[in-house]
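Now for the letters of each chain:
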Amino acid sequence: DGSELVDIDNYIHANYKKPNDEMFGMAKGKNVILISMESTQNFVINEKVNGQEITPFLNDFIKESYYFDNFYHQTEQGKTSDSEFLLDNSLYPLNRGAVFFTHSGNEFNATPEILKDYGYYSATLHANSKSFWNRDIMYDSFGYDRYYSLTDYDVSDANSVGWGMKDIDFFEQSIQHLKEMPKPFYTKFITLTNHHPFELGEEDRLIEPYTSGNKTVDNYFPTVRYTDEAIKLFIERLKQEGLYEDSIIVLYGDHYGISQNHNKAMSEFLGEEVTPFVSTQLQRVPLIIHIPGQEGKTISTVSGQIDLKPTLLHLLGVNTKNTIEFGSDLFSDDKMEFTVLRDGSFITRDNIYTRETCYDKKTGEPTDGAACEPFIEKASQELEYSDKIIYGDLLRFYENDQVHNSTLMKNEPVIDEN
Ligand code: GP9
Ligand code: MN
């Protein structure tokens, strides 16, 4: 009956952080171009392999963007689909299975649906069959207007490798779709070439593989480099088509690419043992937000994919005060430094808690649990509340009278107000 939602709503309101006055509405009316960078972990940024830069374009782009270097993925078995779930809903995915398959019939209050009230057209673009991860069904539930999938692209052997269409061709063909789209648009581009097992033809190799002898780790670098190039070319095309200045561009890594099965080769690359502490730090993925006319800035606040929804909506001038979401605006002055991973690990400003051990971030060594203790309960509480919403399909009751009479209200379109 939705009564469970009252506790959750109280929790969420107690944690609400008001947006930064200067940033709220900064990108009002702009197009949104999200780019999901397949399996891209943050350790490749500003890093070299065999003496060559792994992400030369991103390293430059960061200088004119907001770059978040303590941003964690929070996905589980649903991989890319979990990252999409986090991004559009600011809810946690499930600890097993993929919510895209198990709960696609639920009521959601996703970003595309919210932005519809502000005149936005929304689309996902990804050159894979539409039913993969049950995306076609879930995107309807999120309120997407259109899914440009496999049949919207000319895919051939020549422009494919590994899992499918190569990123450079994918972006090139996507330009036409973008040009035809109603404006303003909210779009998500999902890249694919940097997917395990990181296959790439000799002719597309811009840097040489690493030399640990572990194929997965070694081949990871050339495919990351390839996607970096694909994004560079895409942004050049956006400029040519006059779409760049009217758009905010958000690049983020969807999840890890190198699993813990490869700790030995990763230790060799990093020059340090991959302890549970290091392993948790490796769950950081890049987040880069480019807003035309804004200068670059690196922001090191502890954050996660769950924070993207309120961050984006606030940039667009959309109030999120009365929505059910677990993330908070990354530009908010009092953003709490606390990010929960789906396996129950969490990160605070000074500590990492994983596998029931509290680590000191400065030393990477286990420390007495006192610093983590206050957050242990909060982390599991938050995951439990999010799970309750999904398992009980509780957002159905969002407009329910009983809930209304407590503190909940449907989010009214309010512009320029916080
Ligand atoms: C498939 C692509 C990759 O369409 O998104 O999926 P993943 O295996 O990373 O979840
Ligand atoms: Mn993925």
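Rules used in this analysis
Residues numbered from 1 in each chain as written. Chains lettered and ligands numbered in written order. Predicted model: local features only at pLDDT ≥ 70, side-chain atom pairs only at ≥ 80, totals over all residues. Heavy atoms only, no water. Helix = DSSP H or I, 4+ residues; strand = E, 2+ residues; numbered from the N terminus. Buried < 20%, exposed > 50% of the residue type's maximum accessible area, 1.4 Å probe, protein only. Contact = heavy atoms within 4.5 Å. Phe/Tyr/Trp six-rings, centres within 6.5 Å; stacked < 30°, edge-to-face > 60°. Lys NZ or Arg CZ within 6 Å of the ring centre and 35° of its normal. UniProt positions renumbered as here; feature names shortened; annotations may be inferred. Polar contact = N/O pair within 3.5 Å; in protein donor to acceptor, adjacent residues only side chain to side chain. Disulfide = S-S within 2.5 Å. Arc of directions from axis to C-beta. Donors = N, O, S within 2.8 Å, 3.2 Å for Na, K, Ca; no water. Tetrahedral: all angles 85-135°; square planar, octahedral: opposite > 155°, others 65-115°. Near = heavy atom within 4 Å. Areas by Shrake-Rupley, 256 points an atom, 1.4 Å probe, with all protein chains shown as cover. Nonpolar A, V, L, I, M, F, W, Y, C, P; charged D, E, K, R; others polar.

Engineer: Just checking my understanding: could you explain the side chain of Thr124 for this structure?
Structural biologist: Mapped onto the secondary structure, Thr124 falls in strand S6 (residues 121-125). With relative accessibility at 0%, the residue Thr124 sits in the buried group. Each residue touching Thr124, except ones within four places of it in the same chain, is listed here: Tyr139, Tyr144, Arg146, Tyr147, Tyr148, Lys188 and Ile190.

Engineer: So what exactly am I meant to see when it comes to the packing of aromatic side chains here?
Structural biologist: For any pair of aromatic rings, the description consists of the separation of the ring centres together with the inter-plane angle of the planes. Considering all chains together, one arrives at 36 aromatic pairs under this definition. Their ring planes at 55° and their centres at 5.3 Å tell us that Tyr11 and Tyr385 sit as a pair that is tilted. One end of the pair, Tyr11, is in helix H1 (residues 4-15); the other, Tyr385, is in helix H12 (residues 373-391), with 374 residues separating them in the sequence. Grouping residues by exposure puts Tyr11 and Tyr385 together as buried. With a centroid separation of 5.0 Å and an interplanar angle of 15°, the aromatic rings of Phe346 and Tyr353 are classed as stacked. Assigned by exposure class, Phe346 and Tyr353 land together as buried. By way of ring pairs, the aromatic residues Phe85, Phe100, Phe108, Tyr139, Phe142, Tyr144, Tyr147 and Tyr186 are connected into one cluster. One residue, Lys79, lies across the ring of Tyr256, its end atom 5.3 Å from the ring centre.

Engineer: Would you explain the UniProt feature "binding site: Mn(2+)" (unreviewed entry) in the protein chain in this entry?
Structural biologist: The UniProt feature table records "binding site: Mn(2+)" (unreviewed entry) at Glu38, Thr80, Asp254 and His255. Across 218 residues of sequence, these annotated residues stay compact in space, with a maximum C-alpha separation of 7.7 Å. Among the secondary structure elements, Thr80 is positioned in helix H3 (residues 79-89). Filtering out sequence-adjacent residues up to four positions away, Thr80 remains in contact with Ser36, Glu38, Trp133, Arg135, Ile190, Asp254 and His255. A distance of 3.4 Å separates polar atoms of two side chains, one belonging to Thr80 and the other to Glu38. On the secondary structure map, His255 appears in the loop between strand S11 (247-253) and helix H9 (263-270). Those residues within four positions of His255 in sequence are excluded, and the remaining contacts are Glu38, Ser39, Thr40, Gln41, His73, Thr75, Lys79, Thr80 and Val285.

Engineer: How should the state of the cysteines be read in this particular structure?
Structural biologist: Simply put, the disulfide is a covalent bond whose two ends are the sulfur atoms of two cysteines. Scanning the model with the defined rule gives one disulfide in all. Disulfide partner of Cys358: Cys372, at an S-S distance of 2.0 Å. The sign of the S-S torsion, about 75°, decides the handedness of the disulfide formed by Cys358 and Cys372: right-handed. Here the residue Cys358 occupies a position in strand S18 (residues 357-360), and Cys372 occupies one in the loop between S18 and H12, the gap between them amounting to 14 residues. With relative accessibility at 4%, the residue Cys358 sits in the buried group. When its relative accessible area of 1% is taken as the criterion, Cys372 is described as buried.

Engineer: Hey, could you run me through helix H6 (residues 135-142) in this one?
Structural biologist: Those residues of H6 not exposed but buried are Arg135, Met138, Tyr139, Ser141 and Phe142. Down the axis of H6, the smallest arc covering the buried residues is 155°, so these residues share one side. On its buried side, H6 packs onto H3, helix H4 (99-102), helix H5 (111-116), S6, strand S7 (146-148) and strand S10 (185-190).

Engineer: Even after reading the chapter, I still don't get the UniProt feature "binding site: substrate" (unreviewed entry) in the protein chain, so can you show me in this structure?
Structural biologist: The residues that UniProt annotates with the feature "binding site: substrate" (unreviewed entry) are His195. With respect to the secondary-structure elements, His195 resides in the loop between S10 and helix H8 (215-240). Engagement of the side chain of His195 in a polar contact is seen with the side chain of Trp163, the distance being 3.1 Å.

Engineer: What is the right way to look at the environment of Asn109 in this model?
Structural biologist: Within the element layout of this structure, Asn109 appears in the loop between H4 and H5. For Asn109, a relative accessible area of 11% gives the class buried. Taking the C-alpha atoms as reference points, Asn109 and Glu373, separated by 264 residues in sequence, lie 33 Å from one another.

Engineer: What's the story with the coordination of the manganese ion (ligand 2) in this structure? I'm lost.
Structural biologist: The textbook angles at a metal center are 109.5 degrees for a tetrahedron of four donors and 90 or 180 degrees for an octahedron of six. On the protein side, the manganese ion (ligand 2) has Glu38 (OE), Glu38 (OE), Thr80 (OG1), Asp254 (OD) and His255 (NE2) as donor atoms, found 2.1 to 2.4 Å from it. In this structure, the manganese ion (ligand 2) is coordinated by six donor atoms arranged in irregular fashion, with angles at the metal of 56 to 167°. In the primary sequence, the donor residues of the manganese ion (ligand 2) line up as E-x41-T-x173-D-H. Here Glu38 is found in the loop between strand S1 (31-37) and strand S2 (48-49), whereas its partner His255 is found in the loop between S11 and H9, with 217 residues between them in sequence.

Engineer: Would you take a moment to explain the site of ligand 1 for this structure?
Structural biologist: Surrounding ligand 1, one finds Glu38, Lys79, Thr80, His126, Asn128, Phe132, Trp133, Arg135, Trp163, Leu192, His195 and His255. With respect to ligand 1, the side chain of Asn128 contributes an N or O atom lying 2.8 Å from an oxygen atom. In the environment of ligand 1, an oxygen atom lies 2.7 Å from a nitrogen or oxygen atom belonging to the side chain of Arg135. In the complex, 96% of the free accessible area of ligand 1, which totals 300 Å², lies under the protein chains. Split into classes, the residues belonging to the shell around ligand 1 amount to four nonpolar, five polar and three charged.

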